[in-house]
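Here is what each chain is made of, one letter per residue.
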Amino acid sequence: MHSFSYVDGSLHCEDVDLEKIAAEFGTPAYVYSAGTIRGNYQRLDAALAPLDHLICYAVKANSNLAVLSLLARLGSGFDIVSGGELFRVLKAGGQAGRCTFAGVGKTREEIAYALREGVFSFNVESESELERINSVAGELRLRAPIAIRVNPDVDPKTHKFISTGKSQNKFGIGIDRAAAVYEKAASLPHLKIRGVQTHIGSQILDPGPFAEASQKLAALVAELHAKFGLEFFDFGGGIGIVYDQALRSGTGTWWEREENASRITPAAYAKAILPALRPLGLKILFEPGRFLVGNAGALLATVQYVKQTPAKTFTIVDAGMNDLIRPALYEGWHEIVPLRETPAAPVPMDLVGPVCESGDFFAQDRPLPPLAQGDRIAVLSSGAYGFVMSSNYNSRPLLPEILIDGKKIHLARKRQSLEDLIAGESPA
Ligand code: LLP
């Protein structure tokens, strides 16, 4: 099955013409392919089959209830980072007992909520958090299951804003201090040591850093297992995706084309980490976000104006940086394609949004097919960290999200209205 491809010159998501989606729901809008999410989950699950494992989808990548319920039905667990994400997982039919709760700033309220719901494990990021979880669990007369996030000091070779496993990052506890912090955890009466966790960063395209982290941590995990009887090692997320040429044409299935283009595949990832992780004999948890949903999403937009200046051609669309902030924040590169295929030669342009910031662009000096007012485009690979990072900046309503499954079209979130924009506010 193709997720995004041209059929008779018209861009489709699965069996649905995206012009039809644009006409029915308006633009800008996010569309997601259920088949792509399912395919990605199953490919990763299959590659990890040699391990006793559980995929805990990183909810932060895309937390729409329709995406969460789809993954829950596939058997996925969830990696959550807030009380809000736990609430979403439960509303989508997921189980707290399959959730790991990460994040450096958990509040007492969030800890209590997660404890009452029975989360599988807290991924603890500091000694003071360990003490706080112990104290909240004591008040509730519960024992809190914990894993300590160990920072292996590995360079994941990714953008500096999404690199987490180096010693200068705020995350986790340094590998040299880990054993001492586990001793401390063992001494706290309301904690139950359940595992070890790590996560080195995001959008990692080279299996090397994963291999390095697995090797660096395996000995420590084995030592802690011998001492405290662990149940799992959570290896985090971070598998990167192909952003350029996301709409690969050619023969074969979409995932074959994707695997040909990508530098990391589920098989290459598994190959890099199996030698160190398999001998541990522990359950291994994984927290992929982007890999599962990134290439399953596209942002649809309509050209409003074409503005010619002596320096450049600006194509102004109705989606902005408030809808997809990745280009502005991480210099993220997303492939942009017209909904109607054209043989016309590409011309260099800046494709920009309506927001009052020079950082409001989707492409700069990029050759794209000539576009005119009313033409529609898709910004591809925006299923991860797209809608979830959007805001109401410039008082722009949040976009609708539409999940496509074969021929089926599901409005997973309706567009905010102007009334929604001011809900909860009152003039003084
Ligand atoms: N586990 C932990 C502890 C994490 O911090 C993250 C992502 C993940 C798992 C999932 O990582 P993934 O498999 O999606 O790479 N907004 C940025 C990415 C931020 C990633 C934050 N942490 C972007 O748009 O590139």
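Residues numbered from 1 in each chain as written. Predicted model: local features only at pLDDT ≥ 70, side-chain atom pairs only at ≥ 80, totals over all residues. Heavy atoms only, no water.

**Quick look at the environment of C356**
Mapped onto the elements, C356 comes out in the loop between β17 (347-352) and β18 (361-368). Expressed as a C-alpha distance, the spacing of C356 and N394, which sit 38 residues apart in the sequence, is 7.8 Å. (Helix = DSSP H or I, 4+ residues; strand = E, 2+ residues; numbered from the N terminus.)

**Section: the packing of helix α5 (residues 108-117) against helix α6 (residues 127-139)**
Contact geometry of α5 with α6 gives a least axis separation of 10 Å together with a crossing angle of 55°. With respect to α6, the axis of α5 lies oblique. The crossing of α5 and α6 is right-handed. Residue-level inspection shows R108, I111, A112 and L115 of α5 in contact with α6, the latter providing R132, I133, S135, V136, A137 and E139. Per-class residue counts for the contact of α5 with α6 are six nonpolar, one polar and three charged. (Axes fitted to C-alpha atoms, helices over the stretch in contact; angles between N-to-C directions. Parallel < 35°, antiparallel > 145°, perpendicular 65-115°, else oblique. Left-handed = near helix turned anticlockwise from the far one by under 90°. Contact = heavy atoms within 4.5 Å. Nonpolar A, V, L, I, M, F, W, Y, C, P; charged D, E, K, R; others polar.)

**Quick word on the domain arrangement of the protein**
It is common to give the size of an interface as the accessible area lost on bringing the parts into contact. As assigned here, the protein comprises domain 1 (4-29 + 295-421) and domain 2 (48-287). The straight-line distance from the C-alpha centre of domain 1 to that of domain 2 is 32 Å. Each partner contributes to the interface: domain 1 provides 24 residues, whereas domain 2 provides 18 residues. In total, about 1800 Å² of surface goes out of reach between domain 1 and domain 2, with carbon and sulfur atoms giving 56% of it. (Domains from an automatic or database assignment. Buried area = accessible area lost by both parts, 1.4 Å probe.)

**Looking at α5**
Those residues of α5 that sit buried are E110, I111, A112, A114 and L115. On its buried side, α5 packs onto α4 (83-91), β7 (99-101), β8 (121-124), α6 and β9 (144-151). In the stretch just after α5, G118 is the one whose phi turns positive, near 85°. (Buried < 20%, exposed > 50% of the residue type's maximum accessible area, 1.4 Å probe, protein only.)

**Quick look at the pairing of strand β5 (residues 53-58)**
Along any regular strand, the residues point their side chains to alternate faces of the sheet. Counting buried residues in β5 gives six out of six residues, a clear majority hidden from the surface. Burial along β5 is two-sided: H53, I55 and Y57 and L54, C56 and A58, pointing in opposite directions, are all buried. When β5 meets strand β13 (residues 283-286), the two strands line up parallel, connected through three bridges. Bridge assignment links I55 to a residue of β13, and that residue is F286. Relative to strand β6 (residues 77-80), β5 runs parallel, the two sharing three bridges. Paired with A58 across the strands is D79, a residue of β6. (Pairing = 2+ DSSP bridges.)

**Looking at the sheet that holds strand β3 (residues 16-17)**
Strands sit in the order β1-β2-β3 across an open sheet of three strands; the sheet is antiparallel. The open sheet has two free edges, formed respectively by β1 (4-7) and β3, since each of these has just one partner strand.

**A word on the site of the ligand**
Taken together, 18 residues surround the ligand, and among them S202, E287, R326, Y330 and Y385 come closest. The separation between an oxygen atom of the ligand and a polar side-chain atom of Y385 is 2.6 Å. Looking at the shell around the ligand, its residues break down into six nonpolar, six polar and six charged. Counting contributing residues, the shell around the ligand receives three or more from each of domain 1 (4-29 + 295-421) and domain 2 (48-287). (Near = heavy atom within 4 Å. Polar contact = N/O pair within 3.5 Å; in protein donor to acceptor, adjacent residues only side chain to side chain.)

**Side note on the environment of L65**
Relative to the assigned elements, L65 resides in helix α3 (residues 65-74). In the structure, L65 is positioned 49 residues away from A114 in sequence and 19 Å away in space, judged by C-alpha atoms. Discounting chain neighbours no more than four positions away, the residues touching L65 are R88, K91 and A92.

**Examining α3**
The α-helix advances 3.6 residues per turn, and as a result positions three or four apart in sequence lie on the same side. Taken as a whole, α3 has its buried residues at A66, V67, L68, S69, L70 and L71. Just past α3, the residue G75 takes up positive phi, approximately 100°.

**With respect to the side chain of N64**
With respect to the helices and strands, the residue N64 is situated in the loop between β5 and α3. By relative accessible area, which is 5% here, N64 ends up buried. At 3.4 Å, the side chain of N64 and the backbone oxygen of A412 are in polar contact. Leaving out residues up to four positions away in the same chain, N64 has contacts with R88, E401, A412 and R413.

**Things to note about the packing of aromatic side chains**
By the definition in use, this model includes 10 aromatic pairs. Ring geometry for Y30 and F387: centres 6.2 Å apart, planes at 85°, overall edge-to-face. Separated by 357 residues along the polypeptide, Y30 in strand β4 (residues 29-33) and F387 in the loop between β19 (376-380) and β20 (401-405) bring together distant segments of the chain. According to the relative accessible area criterion, Y30 is buried, its value standing at 0%. F387 sits in the buried class, given a relative accessible area of 11%. These aromatic residues form a ring-pair network of at least three members: F210, F233, F235, Y269 and F286. Sitting over the ring of W333, R366 keeps its end group 3.8 Å from the ring centre. (Phe/Tyr/Trp six-rings, centres within 6.5 Å; stacked < 30°, edge-to-face > 60°. Lys NZ or Arg CZ within 6 Å of the ring centre and 35° of its normal.)

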